[in-house]
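Listed below, chain by chain, are the residues.
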Amino acid sequence: MKISILAAAAALMAGACSAQAANIEFWYGNTGAAEKAIQDQCAAFNAAQSAHHVTCVGQGSYEVSMQKAIAAFRAKNHPVLIQFFDAGTLDLMLSDAVVPVQDVLPEVKWDNYIAGARAYYETSGGKLFAQPYNSSTLLFYTNKTELEKAGVTKTPTTWEEIIEAARKLKAAGHECPFTTDGDTWRVLEQFSARHGLPIASKHNGFDGLDGEYVFNTTFAAKHLQNLVDWRKEGLVKLNADTKAGNFTAAFNTGECAMMENSSGSYTASAKAFEGKYEITVGMAPMYKGYERHNTLVGGASIYIMKDHDKAEVEGAKAFLDFVRRPEQQMFLTAATGYVPVTNDVMDAIAKSGEANSPKYATAALGIQSMNQPRTPDTRGIRLGFYVQFRQVFMEETQKAFAGGETMQVALDNAKKRGDELLRRFEQTYNGVKMQ
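Reading the values: rules and limits
Residues numbered from 1 in each chain as written. Predicted model: local features only at pLDDT ≥ 70, side-chain atom pairs only at ≥ 80, totals over all residues. Heavy atoms only, no water. 1 Å grid on protein atoms, 1.4 Å probe; cavity = no way out; pocket = protein on both sides within 12 Å on 5 of 7 lines; lining within 4 Å. Points joined across faces, edges and corners; volume = space filled by probe spheres on them. Helix = DSSP H or I, 4+ residues; strand = E, 2+ residues; numbered from the N terminus. Nonpolar A, V, L, I, M, F, W, Y, C, P; charged D, E, K, R; others polar. Disulfide = S-S within 2.5 Å. Buried < 20%, exposed > 50% of the residue type's maximum accessible area, 1.4 Å probe, protein only. Phe/Tyr/Trp six-rings, centres within 6.5 Å; stacked < 30°, edge-to-face > 60°.

*Asks:* So, empty space enclosed by the protein: which residues are in play, and what are the values?
*Replies:* Tallied over the full model, the rule gives four cavities of 30 Å³ or more. When contributions to the lining of the largest cavity are tallied by element, the ones reaching two or more residues are strand E5 (131-136), helix H14 (310-324) and helix H15 (326-336). For the lining of the largest cavity, the residue count by class is nine nonpolar, three polar and one charged. What the second largest cavity holds in volume is close to 50 Å³. In this structure, the second largest cavity is lined by Leu90, Gly205, Gly208, Leu209, Gly211, Arg382, Leu383, Gly384 and Leu422. For the lining of the second largest cavity, the per-class residue count stands at four nonpolar, four polar and one charged.

Structural data, given as structure tokens:
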């Protein structure tokens, strides 16, 4: 009897231990409204169950989060979950620091993810490496109130129409018709994708590490020269040209009438416009004569880092299951403007009775934009040291905007420096098979 009691007590203790909450960390890079939404989701997850507890730790930016996570992995002090942005995809895939999410959660119906959200984070064989999370894409915003004052009654949809509207705005005394920051993601990546143009050979690196940049030879070069010319004409302003010192803030205050920006900026812009202006949001503009292709997914996805015990992995799986729920995706969209990532969310929005609510304005639009016809050159970007390349591209093109050199020279220099980064990356991972 005594042995039986001890055995029963041991069993109870084992059960109690297995029921203990797994404490896991999730590192993310967002700030502002997105950070608040992430913290709210973390609190909701902890309140919804007691089997696991997640601590969500902001790192200030995607780049800092990525650097800290790799350093922590080498020091064996890394979190279970890490949010990485689009540009860091290849670095993570080849880092040996993460495990494909589809391997950890084989029971999930991954084909429920919209093609536009999953393509960027898939292996060449179609396996999802990370779970899309705060997904964004490029959209076109206008201050309808200011456009109508200048006699523009139809929202522009092409670059030709944007410049026609910009000239009317300028003639009407508007000092900032269109604004942008010239960011690589906006003026090169998203522009090239929706116009069906490659950024680099080997289908933007998906087919091997030995590719090279080609953007300096495509129509993207002409577009960037147009931006230089339109700026000289007073139709386009960069960050430094605006009173606000930031293109998004310049649009939100009414200083500038049109901009291209992430769907993730919608909530802040709409809130800033309340009681002052009417906002419109649509798909990013095309040049006439070009067939529209998909825009790329932006934002970030969540990776599971290696070398954690079973309880921690179970906690990670539970959290990923939680944020994947339609109601949680709806919350993130309403709070930030980020786009839903699974096909069932639009049905959930329709059934909610709020399908026409402004808080879901970017949902269907963002999905529609990402799900346009795609080619092997519009799947995404799989290029080594791409975070560094984005900085190189900005450095060179800003010289052209400042008048120090022509845009073509700037792009040729960016291509040269970018190719040097690619060769360094190729040497670093010599003999490593592409995912």
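*Asks:* Report on the state of the cysteines, specifying residues and quantitative values.
*Replies:* Covalent bonding between the sulfur atoms of two cysteines defines a disulfide. Per the stated rule, a full pass over the model turns up two disulfides. For Cys42, the disulfide goes to Cys56, at an S-S distance of 1.8 Å. For the disulfide bridge between Cys42 and Cys56, the dihedral angle about the S-S bond is near -90 degrees, and by the sign convention the bridge is left-handed. Pair noted here: Cys42 is in helix H2 (residues 32-48) and Cys56 is in strand E2 (residues 52-58), with a separation of 14 residues, a long-range link. According to the relative accessible area criterion, Cys42 is buried, its value standing at 3%. Judged by its relative accessible area of 11%, Cys56 is buried. When the bonded cysteines of the protein chain are counted from the start of the sequence, the pairing works out to 1-2, 3-4.

*Asks:* Report on the packing of aromatic side chains, specifying residues and quantitative values.
*Replies:* The full count for this structure, using the stated rule, is 27 aromatic pairs. Ring geometry for Phe425 and Tyr429: centres 4.7 Å apart, planes at 40 degrees, overall tilted. The exposure class assigned to Phe425 is buried, which follows from its relative accessible area of 2%. Of the aromatic side chains, those joined through ring pairs into one cluster are Trp159, Phe178, Phe191, Phe219, Trp230, Tyr287 and Tyr290.

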